[in-house]
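# A look at the structure
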Amino acid sequence: MKFFVDTADIKEIRELAATGLLDGVTTNPSLVAKAGRDFFEVLKETCAVVKGPVSAEVAATDFNGMIREGEKLAKIASNIAIKVPLTWDGLKACKHFTSKGTMVNVTLCFSAAQALLAAKAGATFISPFVGRLDDVGQDGMQLIAEICTIYRQYEYFKTEVLVASVRNPMHVVYAAKMGAHVATIPPSVLKQLVQHPLTDKGLATFLADWQKTGQKIA
Ligand code: G3P
(Lines give C-alpha, C1' and ligand atoms only; values in the text may rest on other atoms or scores of the structure.)
Protein backbone atom coordinates (compact mmCIF):
# COMPACT_ATOMS: atom_id res chain seq x y z
CA MET A 1 0.00 0.00 0.00
CA LYS A 2 1.28 3.44 -0.89
CA PHE A 3 1.28 6.32 1.56
CA PHE A 4 0.76 9.84 0.26
CA VAL A 5 0.73 12.84 2.55
CA ASP A 6 -2.23 15.22 2.25
CA THR A 7 -0.70 18.65 2.75
CA ALA A 8 0.77 21.68 0.98
CA ASP A 9 3.14 22.40 3.87
CA ILE A 10 6.66 21.85 2.50
CA LYS A 11 8.15 21.61 5.99
CA GLU A 12 5.89 18.65 6.83
CA ILE A 13 6.55 17.11 3.40
CA ARG A 14 10.33 17.30 3.89
CA GLU A 15 10.07 15.87 7.42
CA LEU A 16 7.94 12.91 6.32
CA ALA A 17 9.90 12.29 3.10
CA ALA A 18 13.00 11.85 5.28
CA THR A 19 11.42 8.69 6.77
CA GLY A 20 11.68 7.04 3.35
CA LEU A 21 8.05 5.90 3.72
CA LEU A 22 6.39 8.55 1.58
CA ASP A 23 5.23 7.57 -1.90
CA GLY A 24 3.53 10.78 -2.98
CA VAL A 25 1.72 13.98 -2.03
CA THR A 26 -1.79 15.32 -2.54
CA THR A 27 -2.78 18.97 -2.32
CA ASN A 28 -6.10 20.72 -2.75
CA PRO A 29 -7.14 24.40 -2.86
CA SER A 30 -7.99 24.42 0.87
CA LEU A 31 -4.56 23.04 1.78
CA VAL A 32 -2.87 25.59 -0.50
CA ALA A 33 -4.86 28.39 1.17
CA LYS A 34 -3.80 27.06 4.58
CA ALA A 35 -0.12 26.98 3.54
CA GLY A 36 -0.43 30.63 2.44
CA ARG A 37 2.23 30.31 -0.25
CA ASP A 38 2.49 30.52 -4.04
CA PHE A 39 0.97 27.33 -5.49
CA PHE A 40 3.61 26.90 -8.21
CA GLU A 41 6.49 27.42 -5.79
CA VAL A 42 5.06 24.83 -3.39
CA LEU A 43 4.60 22.33 -6.21
CA LYS A 44 8.12 22.86 -7.59
CA GLU A 45 9.66 22.35 -4.15
CA THR A 46 7.46 19.31 -3.45
CA CYS A 47 8.28 17.61 -6.75
CA ALA A 48 11.99 18.06 -6.02
CA VAL A 49 11.61 16.34 -2.64
CA VAL A 50 9.15 13.55 -3.49
CA LYS A 51 9.67 11.53 -6.65
CA GLY A 52 6.21 9.88 -6.56
CA PRO A 53 2.96 11.48 -7.79
CA VAL A 54 2.21 15.00 -6.55
CA SER A 55 -1.44 15.95 -7.06
CA ALA A 56 -2.15 19.51 -8.17
CA GLU A 57 -5.79 20.50 -8.47
CA VAL A 58 -7.21 22.70 -11.22
CA ALA A 59 -9.44 25.61 -10.21
CA ALA A 60 -11.37 25.80 -13.49
CA THR A 61 -14.67 23.95 -13.72
CA ASP A 62 -15.10 23.93 -17.53
CA PHE A 63 -13.29 21.50 -19.84
CA ASN A 64 -11.22 24.11 -21.74
CA GLY A 65 -10.21 25.85 -18.53
CA MET A 66 -9.17 22.55 -16.95
CA ILE A 67 -7.06 21.70 -20.00
CA ARG A 68 -5.36 25.12 -19.94
CA GLU A 69 -4.64 24.94 -16.22
CA GLY A 70 -3.73 21.23 -16.28
CA GLU A 71 -1.20 21.76 -19.08
CA LYS A 72 0.44 24.56 -17.11
CA LEU A 73 0.58 22.46 -13.93
CA ALA A 74 1.91 19.40 -15.77
CA LYS A 75 4.87 21.44 -17.03
CA ILE A 76 6.16 21.85 -13.46
CA ALA A 77 7.53 18.29 -13.27
CA SER A 78 6.94 14.83 -14.72
CA ASN A 79 5.54 13.55 -11.40
CA ILE A 80 2.62 16.00 -11.30
CA ALA A 81 -0.81 14.32 -11.27
CA ILE A 82 -3.51 16.71 -12.44
CA LYS A 83 -6.41 16.70 -9.99
CA VAL A 84 -9.86 17.25 -11.48
CA PRO A 85 -13.30 17.19 -9.85
CA LEU A 86 -15.74 14.36 -10.50
CA THR A 87 -17.95 16.20 -12.99
CA TRP A 88 -18.60 15.51 -16.68
CA ASP A 89 -16.05 18.19 -17.62
CA GLY A 90 -13.60 16.74 -15.11
CA LEU A 91 -14.04 13.26 -16.58
CA LYS A 92 -13.53 14.60 -20.11
CA ALA A 93 -10.37 16.39 -18.97
CA CYS A 94 -9.26 13.17 -17.25
CA LYS A 95 -9.60 11.20 -20.48
CA HIS A 96 -7.74 13.95 -22.36
CA PHE A 97 -4.76 13.96 -20.01
CA THR A 98 -4.43 10.24 -19.36
CA SER A 99 -4.56 9.44 -23.07
CA LYS A 100 -1.52 11.73 -23.41
CA GLY A 101 0.27 9.91 -20.58
CA THR A 102 -0.26 12.55 -17.87
CA MET A 103 -1.39 11.20 -14.48
CA VAL A 104 -4.84 12.29 -13.30
CA ASN A 105 -6.37 12.11 -9.85
CA VAL A 106 -10.18 12.40 -9.97
CA THR A 107 -11.28 13.96 -6.72
CA LEU A 108 -14.48 14.56 -4.71
CA CYS A 109 -15.78 11.02 -5.24
CA PHE A 110 -18.69 10.08 -2.99
CA SER A 111 -20.28 7.11 -4.76
CA ALA A 112 -19.38 3.82 -6.43
CA ALA A 113 -21.12 4.99 -9.62
CA GLN A 114 -18.79 8.01 -9.76
CA ALA A 115 -15.77 5.76 -9.22
CA LEU A 116 -16.90 3.55 -12.09
CA LEU A 117 -17.01 6.59 -14.38
CA ALA A 118 -13.53 7.67 -13.31
CA ALA A 119 -12.13 4.22 -14.15
CA LYS A 120 -13.83 4.38 -17.56
CA ALA A 121 -12.23 7.79 -18.08
CA GLY A 122 -8.83 6.18 -17.48
CA ALA A 123 -8.10 7.95 -14.21
CA THR A 124 -4.76 7.13 -12.62
CA PHE A 125 -6.31 7.63 -9.18
CA ILE A 126 -9.84 7.92 -7.82
CA SER A 127 -10.16 9.83 -4.55
CA PRO A 128 -13.17 8.77 -2.45
CA PHE A 129 -13.51 11.03 0.61
CA VAL A 130 -14.16 8.73 3.57
CA GLY A 131 -14.11 11.29 6.40
CA ARG A 132 -16.62 13.59 4.74
CA LEU A 133 -19.03 10.67 4.24
CA ASP A 134 -18.63 9.71 7.91
CA ASP A 135 -19.36 13.36 8.76
CA VAL A 136 -22.82 13.15 7.16
CA GLY A 137 -23.67 9.83 8.79
CA GLN A 138 -22.68 7.55 5.90
CA ASP A 139 -20.03 4.83 6.08
CA GLY A 140 -16.96 6.08 4.22
CA MET A 141 -15.13 2.77 4.43
CA GLN A 142 -18.13 0.94 2.95
CA LEU A 143 -17.62 3.02 -0.19
CA ILE A 144 -13.96 1.94 -0.35
CA ALA A 145 -15.03 -1.71 -0.08
CA GLU A 146 -17.52 -1.23 -2.94
CA ILE A 147 -15.02 0.50 -5.22
CA CYS A 148 -12.31 -2.10 -4.56
CA THR A 149 -14.80 -4.88 -5.34
CA ILE A 150 -15.93 -3.23 -8.57
CA TYR A 151 -12.42 -2.46 -9.83
CA ARG A 152 -11.30 -6.03 -9.13
CA GLN A 153 -13.99 -7.36 -11.51
CA TYR A 154 -12.31 -5.75 -14.53
CA GLU A 155 -8.63 -6.39 -15.18
CA TYR A 156 -8.51 -3.56 -17.70
CA PHE A 157 -9.40 -0.98 -15.04
CA LYS A 158 -6.00 0.38 -14.05
CA THR A 159 -7.31 3.12 -11.75
CA GLU A 160 -5.86 3.05 -8.24
CA VAL A 161 -8.11 3.62 -5.23
CA LEU A 162 -6.65 6.58 -3.32
CA VAL A 163 -8.44 6.82 0.02
CA ALA A 164 -8.82 10.51 0.87
CA SER A 165 -10.29 12.59 3.68
CA VAL A 166 -8.58 10.24 6.12
CA ARG A 167 -9.18 11.34 9.70
CA ASN A 168 -7.65 8.63 11.88
CA PRO A 169 -5.31 5.59 11.84
CA MET A 170 -8.23 3.14 11.60
CA HIS A 171 -9.24 4.62 8.24
CA VAL A 172 -5.76 3.64 7.02
CA VAL A 173 -5.89 0.16 8.53
CA TYR A 174 -9.36 -0.60 7.11
CA ALA A 175 -8.29 0.74 3.71
CA ALA A 176 -5.27 -1.58 3.76
CA LYS A 177 -7.45 -4.57 4.73
CA MET A 178 -9.68 -3.83 1.75
CA GLY A 179 -6.71 -3.68 -0.60
CA ALA A 180 -6.96 0.01 -1.47
CA HIS A 181 -3.82 0.99 -3.39
CA VAL A 182 -3.10 4.32 -1.69
CA ALA A 183 -4.11 6.33 1.37
CA THR A 184 -3.47 10.04 1.42
CA ILE A 185 -2.98 10.90 5.03
CA PRO A 186 -2.74 14.22 6.89
CA PRO A 187 0.69 14.63 8.57
CA SER A 188 -0.83 14.42 12.08
CA VAL A 189 -2.52 11.08 11.31
CA LEU A 190 0.62 9.71 9.61
CA LYS A 191 2.56 10.47 12.78
CA GLN A 192 -0.15 8.79 14.89
CA LEU A 193 0.32 5.52 12.96
CA VAL A 194 3.55 4.69 14.79
CA GLN A 195 2.21 5.31 18.26
CA HIS A 196 1.29 2.63 20.78
CA PRO A 197 1.53 3.03 24.58
CA LEU A 198 2.85 -0.52 24.98
CA THR A 199 5.71 0.30 22.59
CA ASP A 200 6.65 3.30 24.76
CA LYS A 201 6.30 1.30 27.97
CA GLY A 202 8.27 -1.66 26.61
CA LEU A 203 11.07 0.56 25.33
CA ALA A 204 11.38 2.34 28.68
CA THR A 205 11.72 -1.03 30.45
CA PHE A 206 14.30 -2.34 27.97
CA LEU A 207 16.38 0.83 28.30
CA ALA A 208 16.28 0.72 32.10
CA ASP A 209 17.32 -2.96 32.11
CA TRP A 210 20.07 -2.33 29.58
CA GLN A 211 21.51 0.40 31.81
CA LYS A 212 21.70 -2.14 34.64
CA THR A 213 23.98 -4.37 32.52
CA GLY A 214 26.54 -1.57 32.33
CA GLN A 215 27.35 -2.64 28.75
CA LYS A 216 27.72 -0.62 25.50
CA ILE A 217 27.03 -1.85 21.97
CA ALA A 218 28.97 0.89 20.15
O1 G3P B 1 -7.30 16.06 -0.39
C2 G3P B 1 -8.63 15.78 -0.23
C3 G3P B 1 -9.05 15.28 1.13
O4 G3P B 1 -8.09 14.44 1.67
C5 G3P B 1 -9.62 16.30 2.06
O6 G3P B 1 -9.78 15.84 3.36
O7 G3P B 1 -10.24 16.24 5.77
O8 G3P B 1 -10.68 18.08 4.10
O9 G3P B 1 -12.14 16.07 4.19
P10 G3P B 1 -10.76 16.60 4.41
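Just above, that's the structure.
Keep in mind the model is a prediction, meaning the values are calculated, not measured.

Taken together, Asp6, Asn28, Lys83, Phe129, Arg132, Ala164, Ser165 and Arg167 make up the full set of residues adjacent to the ligand. Arg132 is positioned with one of its side-chain polar atoms (N or O) 2.6 Å from an oxygen atom of the ligand. Contact with the protein chains hides 82% of the accessible area of the ligand, taken as 310 Å² for the molecule alone. When the residues that make up the shell around the ligand are grouped by side-chain class, the tally is two nonpolar, two polar and four charged.

With that out of the way, let us pick up the environment of Leu86. Tracing the backbone through its elements, the reader meets Leu86 in the loop between β4 (80–85) and α5 (88–99). Using a relative accessible area of 12% as the deciding quantity, one classes Leu86 as buried. Leave out the neighbours within four places in its chain, and Leu86 touches Leu91, Val106, Thr107, Leu108, Cys109, Gln114, Ala115 and Ile126.

The next thing to look at is the packing of helix α8 (residues 140–153) against helix α9 (residues 169–178). Geometry of a packed helix pair, given as the angle between the helix axes and the separation of the axes. Following both chains from N to C, one finds α8 and α9 inclined at 20°, their axes separated by 10 Å at the closest point. By the criterion of interaxial angle, the relationship of α8 to α9 is roughly parallel. Viewed along their axes, α8 and α9 form a crossing whose handedness is right-handed. Between α8, through Met141, Ile144, Ala145, Cys148 and Arg152, and α9, the contact on the second element is made entirely by His171, Tyr174, Ala175 and Met178.

Two elements in contact, helix α4 (residues 63–74) and α5, have axes separated by 9 Å at closest approach and are oriented at 40°. If you check the angle between α4 and α5, you find them oblique. In this structure, α4 crosses over α5, and the sense of that crossing is right-handed. Each of Phe63, Met66, Ile67, Gly70 and Glu71 in α4 lies in contact with α5, whose residues at this interface are Asp89, Gly90, Lys92, Ala93, His96 and Phe97. Split by residue class, the contact of α4 with α5 holds five nonpolar, three polar and three charged.

Calculation criteria
Residues numbered from 1 in each chain as written. Predicted model: local features only at pLDDT ≥ 70, side-chain atom pairs only at ≥ 80, totals over all residues. Heavy atoms only, no water. Near = heavy atom within 4 Å. Polar contact = N/O pair within 3.5 Å; in protein donor to acceptor, adjacent residues only side chain to side chain. Areas by Shrake-Rupley, 256 points an atom, 1.4 Å probe, with all protein chains shown as cover. Nonpolar A, V, L, I, M, F, W, Y, C, P; charged D, E, K, R; others polar. Helix = DSSP H or I, 4+ residues; strand = E, 2+ residues; numbered from the N terminus. Buried < 20%, exposed > 50% of the residue type's maximum accessible area, 1.4 Å probe, protein only. Contact = heavy atoms within 4.5 Å. Axes fitted to C-alpha atoms, helices over the stretch in contact; angles between N-to-C directions. Parallel < 35°, antiparallel > 145°, perpendicular 65-115°, else oblique. Left-handed = near helix turned anticlockwise from the far one by under 90°.

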